[in-house]
Amino acid sequence: GLADLALYEGRFSDAARLFEEGAAADLEAKNTNKAARKFTSAASAHLMRGRRDLAIAAADKALANSKILEIRFLAARNFVEAGAIDKARAAAGDLSSELSAEPQAFGKIMEGEIALKNGDPKAAIKILSEANGLLDTWIGHFSLGRAYLEAGVLLQADSEFDRWIKRRGEALSLLADEEPTYGYFPDVHYYQGLVREGLKNTAGSAESFREFLRIRSKSTEDLHLAEVRKRAN
């Protein structure tokens, strides 16, 4: 909980340290699934402060300690954001090959995020729409909204971001595994601000950026802050 709060406020180094300390305690208690879950969160914290090398290392530790669905999915997301596409693609293929809808949906989300990372938002939209058809998740709509934004399909992107805000309670625990994840939520305001700016909704974009600043203004590590301060004025 303390680590998630640090992530929410933009204290990413503190968050990574707390997650990794928690993982070490879990490993000592022989609870490898919980340790792996914390390693995936540490990887996200490292990504948010621009340390892709540490993010990949943390995601590798997660997979070394657990192969449950949530860990494979979150590790793959971290690999995509860190640019380790081959690692992400292997994890996505593993998920997509399973028979039940949940791993297939998570595999498709990863395939969509890989397409987005590779500069093909139109393909990402198709794949992510299929994923959300299999399983309606907050994180799937988060990825789809980003894909619409990258493709310049702003009305649909705005609709997805409105959905994020209305379903914000789901961001408290993205995978319903009782692990706190509200630290991921502030970026919703950033992306919503970009969409509203593209739609020439000046007041709306400024409101979104100000909400982002309300949460993260004291951060010394958030890579979006300088940009958002300019856009909010």
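As a reminder, the structure under discussion sits directly above these lines.
No experiment lies behind these values; they were computed from the predicted model shown.

S.K.: Sorry, what's going on with the pattern of salt bridges here?
M.R.: Where charged atoms from two side chains of opposite charge approach closely, those side chains can pair. Tallying each qualifying case throughout the model produces 21 salt bridges. A salt bridge links R231 to E227; the shortest N-O distance between them is 2.8 Å. Taken together, the residues R231 and E227, both in helix α13 (residues 225-232) and four residues apart, mark about one turn of the helix. Several salt bridges converge on common partners, so that one network encompasses E9, R11, D14, R17 and E21.

S.K.: Quick question: what am I supposed to make of unusual backbone geometry here?
M.R.: Most peptide bonds take the trans form, and the phi angle of most residues other than glycine is negative. With a phi angle near 65 degrees, K30 is a residue other than glycine that sits in the positive phi range. Here K30 lies in the loop between α2 (12-28) and α3 (32-48). Its relative accessible area of 71% is what places K30 among the exposed residues. The backbone phi angle of K200 is positive, close to 65 degrees, even though this residue is not glycine. Along the polypeptide, K200 turns up in the loop between α11 (186-198) and α12 (202-216). The class of K200 is exposed, set by a relative accessible area of 71%.

S.K.: What is the right way to read the packing of α11 against α13 from this model?
M.R.: Helix packing for two helices is described by the angle between their axes and how far apart those axes are. Where α11 meets α13, the closest approach of the two axes is 12 Å, and the angle between their N-to-C directions is 40 degrees. Classified by the angle between their axes, α11 and α13 sit oblique to one another. In the packing of α11 onto α13, the handedness of the crossing is left-handed. Contact residues: Y190, L194 and E197 in α11; E227, V228 and R231 in α13. Tallied by class, the residues present in the contact of α11 with α13 amount to three nonpolar, no polar and three charged.

Criteria and cut-off values
Throughout this description, residue numbers start from 1 for each chain and increase along the sequence as written. Only residues with pLDDT of 70 or above have their local features reported here, since the model is predicted, and side-chain atom pairs are shown and tallied only from 80 upward, although totals for entire chains, interfaces and linings are computed over all residues. Based on all heavy atoms of the structure, the side-chain values leave hydrogens and waters out of the count. Salt bridge, as applied in this entry: a Lys or Arg side-chain nitrogen positioned within 4 Å of an Asp or Glu carboxyl oxygen. The helix and strand labels rest on DSSP assignments: H or I over at least four residues marks a helix, E over at least two residues marks a strand, and numbering proceeds from the N terminus. Classification of residues uses two cut-offs on accessible area relative to the type maximum, computed with a 1.4 Å probe and protein chains only: under 20% is buried, over 50% is exposed, and between them is partly exposed. Orientation is described by lines fitted to C-alpha atoms, with helices fitted over the stretch in contact, and by angles between N-to-C directions that extend from 0 to 180 degrees. Angle categories: roughly parallel below 35 degrees, roughly antiparallel above 145, roughly perpendicular from 65 to 115, and oblique for all the rest. Should the near helix be turned anticlockwise from the far one by less than a right angle, the crossing is termed left-handed; should it be turned clockwise, right-handed. By definition, residues are in contact when any of their heavy atoms lie within 4.5 Å. Note on residue classes: Ala, Val, Leu, Ile, Met, Phe, Trp, Tyr, Cys and Pro are nonpolar, Asp, Glu, Lys and Arg are charged, and everything else, Gly too, is polar.

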